[in-house]
Amino acid sequence: MTASIEEQYLEAFSALAPQGDPAWLLARRRMARDIFAAAGFPHRRVEAWRYTDLRRALAKEGYVPAQRYDGPLAYDVETVGPGAAAFGDVERHMLVCVNGFFRPDLSSADLPDGVSIKPLSEAVKETGFEDFLTTDDNLHPVNALNSALMQDGLVIRVEAGKDAGKPLHMVHVTTSAGASAAHMRHVIALEEDAKLCLLETHLGQGGAGYLANHVTETHLGEGAALTHIKLQDEAKDALHVAANNLRLAANAKYYGFVLALGARLSRHETDAVFKGEGAHADMHGALALRGKQLGDISTYVDHAVPGCSSNAHVKSVLDEEATGVFQGRVLVAKDAQKTDGRQLSNALLLSRDAGMNAKPELEIYADDVQCAHGSTIGELDGTALFYLRSRGIDEATARSLLIRAFLDEVLETIPLDGVKQDIGSQIDVWFRASALAGSETR
Amino acid sequence: MLEIKDLHVNVDGKEILKGITLSVGTGEVHAIMGPNGSGKSTLSYVLSGREGYEITKGEILYKGKDLRAMEIEERAAAGLFLAFQYPIEIPGVTTMTFLKTALNAQRKARGEEELDAVKFLRLVREKAGPLNVSEDMLKRPLNVGFSGGEKKRAEILQMALLEPSLAVLDETDSGLDIDALKVVSDGVNALRSPDRSMIVITHYQRLLNHIVPDKVHVLSAGRIVRTGGKELAHELEETGYADIVEA
Ligand SMILES: Nc1ncnc2c1ncn2[C@@H]1O[C@H](COP(=O)(O)OP(=O)(O)O)[C@@H](O)[C@H]1O
Ligand SMILES: [Mg+2]
């Protein structure tokens, strides 16, 4: 009998005997491994993954653990390199991870007062750290896999009342050319009234078919505020699967934005749970995809307590044979009165072969709530294109004006001007590449 | 400037223009009048190169060149301008961004230097003032939430900025009250010049009291059924289209 891809996968990673894990972690890993072995990689018949068949995408390759790389990078992640030096003009602290391992030597040392950063491997040795790892492995086989195999990650903590000031910029680079996999676990913990802006970019070397798996545990204390902006520009054959588990205490505020440009298959999932009243979460995003790319932005929001608001707005621009996915659910508990929960997906299909699967859902058990969900799928407005061209604007520019206008509605929500501009120019770069590809085939 | 010879045009397989011959000299202003559905807008779209308008017969020469061989944006850069009967709303693109992109695209296509932000702003303000186009309108998304009159004034502002050689104004008077009509026609008259030709399409004669044409053509069921001087417009006002169309 041949081994399943899950068995093969676990076998390939069995050599990763973690050194010096505390007992609770060893027990957790064993349990998570069993959960994953039983459930397997998610596929079409798993509701939350019905449009994003990870099992199929993984089946082709024999994955091996990503290797720690301590050498120099081919480019300076701070100023050049792929991703056109995203956020290069924003004053920030750098936190660099290569092939799934934190590289303090490439990162900023002068952290702001009240902010601490530790690699996961160190943090797990602290007593009480397990309380931060609240992700339920039973709910999500990929998170279970991550718990079983996680090696490194960043544990970022901001003390009560401190404003971290300049953004922290996590850069994840994969240098390996083959089918390697890295499972990173990050913790972002803000105590009461703490403030942080976190930027993330994910980059890889062209064509590499690696798997980047991130689970981020985000804990926001009372009145804490986190701005979290991510640019996913992985190598074009890569797989990127990220889960952001978000817990918000009373009056906490979360602003999240993701732009997904890269990877053959990517998923950015946010699971938000409101633990205290008066909290707010924005979970916005944009997909700009072409070729045979699949990009998935999904949000699951649990309004467990009254008086919280959540808003997820995803805009997708899909060219050639690309597929976009938006899944999500707003769950409003029986006592969660005065909840305001919104989910909206708008997709723009630039080609007949592109497609969007959007399935926002509401599940409401309270009666005094304001909830809305919707999705639209459209094409570029031919009349608008004609109008612009009739004024002398060439077709490529006219198309990019209309696409930017479409995306600007979500880009405009980004609260930092420099970051907003950078995200915008990433899209313009994407568009120019798309227009060039288009003019070749035309 | 413009030579149209025996032009036949199909829309969705149906013949809408059935042999139009028209010659507009440099500096001339021609009016095209006619009942609704006679093909006036169709003619303007064919000139601008809109998709879906199939020329089955005839030719169009613009400045001596075959217009059919030119892309929509090439025609614009070569000085052809259509003021739309129903200007298009473009959410998310501000009027200002649109105007700057259009002007610089045309300048670039003609090998001229693009205008920087400061020079452009000065130029827009100079042209916008007389047309009562406010700063607020310039900051709003193009035509979105504009009143009928605002849309028409925005069209004329585009024309004033782009300084075309041949302007086709499609029912620029429709939906305007007397005051707005005056502003718009003053704007158009200010652009009359010996180098610039215009085709003024209208259903009513009243616009032609303000913009006095050199020639008037009557279009009916896809054919020009009469051509005359400016007095033809007055005659139409008296008798209506029925007599002429049947004649
Ligand atoms: N997109 C279209 N598809 C089919 N028929 C059309 C279309 N546009 C216009 N027509 C028809 O063409 C004729 C001329 O229309 P139009 O040029 O708009 O007339 P006018 O501007 O003189 O009122 C009308 O009979 C109209 O119904
Ligand atoms: Mg018309």
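For the structure itself, look to the data block above.
Scope of this entry: the structure provided in the associated data block. Bear in mind that the values here come from a model prediction, so they are computed numbers and not experimental data.

**A few points about the overall build of chain B**
A tally of helices and strands in chain B yields ten helices and twelve strands. Projected onto the principal axes, the alpha-carbon positions of chain B cover approximately 55 × 40 × 35 Å. In chain B, of all internal contacts separated by at least 6 residues, the share reaching a separation of at least 24 is 69%. For chain B, the accessible surface area stands at approximately 10800 Å², while carbon and sulfur atoms represent 49% of it. The averaged location of the 37 negative side-chain charges in chain B is 3 Å from the averaged location of its 31 positive side-chain charges.

**What about the overall build of chain A?**
Scanning chain A from N- to C-terminus turns up eight helices and 20 strands. Relative to the globule expectation of 22 Å for 442 residues, the C-alpha radius of gyration of chain A, 21 Å, shows essentially globular dimensions. Taken over the C-alpha atoms alone, chain A extends approximately 70 × 50 × 50 Å along its principal axes. Of all 442 residues assigned to chain A, the portion counted as buried reaches 60%. Taken as a whole, chain A presents about 17400 Å² of accessible surface, with 49% of it coming from carbon and sulfur.

**Focus on the coordination of the magnesium ion (ligand 2)**
Residue and element names in this part refer to chain B. Donor atoms from the polypeptide that bind the magnesium ion (ligand 2) are S41 (OG) and Q85 (OE1), placed at 2.1 to 2.2 Å. Of this pair, S41 sits in helix α1 (residues 40–48) while Q85 sits in the loop between β6 (80–83) and β7 (90–94), and the two are 44 residues apart along the sequence. We note that S41, like Q85, is buried.

**Focus on the sheet that holds strand β4 (residues 53–62) of chain B**
All names here are of chain B. Strand order across the open sheet formed by four strands is β2-β1-β4-β5, with antiparallel pairing between neighbours. Both outer strands of the open sheet, β2 (14–24) and β5 (65–66), are each paired with one neighbouring strand and no more. Along the sheet, α1 makes contact with β1 (2–11), β2 and β4, crossing β1 at roughly 110 degrees.

**Considering the pairing of β2 of chain B**
Residue and element names in this part refer to chain B. Inspection of the sheet shows β1 paired to β2 by eight bridges, in the antiparallel sense. Each residue of the ladder has a partner; that of E3, found in β2, is S23. Hairpin connection from β1 to β2: two residues lie between these consecutive antiparallel strands, with D12 at a positive phi of about 50 degrees.

**Concerning the packing of aromatic side chains**
According to the stated counting rule, one finds eleven aromatic pairs over all chains in the structure shown. Residues F386 of chain A and Y45 of chain B carry aromatic rings whose centres are separated by 6.1 Å and whose planes lie at 75 degrees to one another, so their mutual orientation is edge-to-face. Placement of the pair is F386 of chain A in helix α6 (residues 382–389) and Y45 of chain B in helix α1, with the two residues belonging to separate chains. Each member of the pair F386 of chain A and Y45 of chain B is classed as buried. For the pair Y45 of chain B and Y53 of chain B, a centre-to-centre distance of 5.6 Å together with 50 degrees between the ring planes defines the contact as tilted. Judged by relative accessible area, which is 11%, Y45 of chain B ranks as buried. Residue class for Y53 of chain B comes out partly exposed when judged on its relative accessible area of 22%. Connected via pairs of aromatic rings, a cluster forms that spans F386 and Y387 of chain A together with Y45, Y53, F84 and F98 of chain B. Between R267 of chain A and the ring centre of W49 of chain A, over which it is positioned, the NZ or CZ distance is 3.9 Å. K315 of chain A extends its terminal NZ or CZ atom over the ring of F406 of chain A, reaching a point 4.3 Å from the ring centre.

Rules and cut-offs
Residues numbered from 1 in each chain as written. Chains lettered and ligands numbered in written order. Predicted model: local features only at pLDDT ≥ 70, side-chain atom pairs only at ≥ 80, totals over all residues. Heavy atoms only, no water. Helix = DSSP H or I, 4+ residues; strand = E, 2+ residues; numbered from the N terminus. Contact = heavy atoms within 4.5 Å. Areas by Shrake-Rupley, 256 points an atom, 1.4 Å probe, with all protein chains shown as cover. Lys, Arg positive; Asp, Glu negative; His and termini not counted. Charge placed at Lys NZ, Arg CZ, Asp CG, Glu CD. Rg over C-alpha atoms; globule rule 2.2 N^0.38 Å. Buried < 20%, exposed > 50% of the residue type's maximum accessible area, 1.4 Å probe, protein only. Donors = N, O, S within 2.8 Å, 3.2 Å for Na, K, Ca; no water. Pairing = 2+ DSSP bridges. Axes fitted to C-alpha atoms, helices over the stretch in contact; angles between N-to-C directions. Phe/Tyr/Trp six-rings, centres within 6.5 Å; stacked < 30°, edge-to-face > 60°. Lys NZ or Arg CZ within 6 Å of the ring centre and 35° of its normal.

Function cannot be inferred from these measures alone, as they are strictly geometric.
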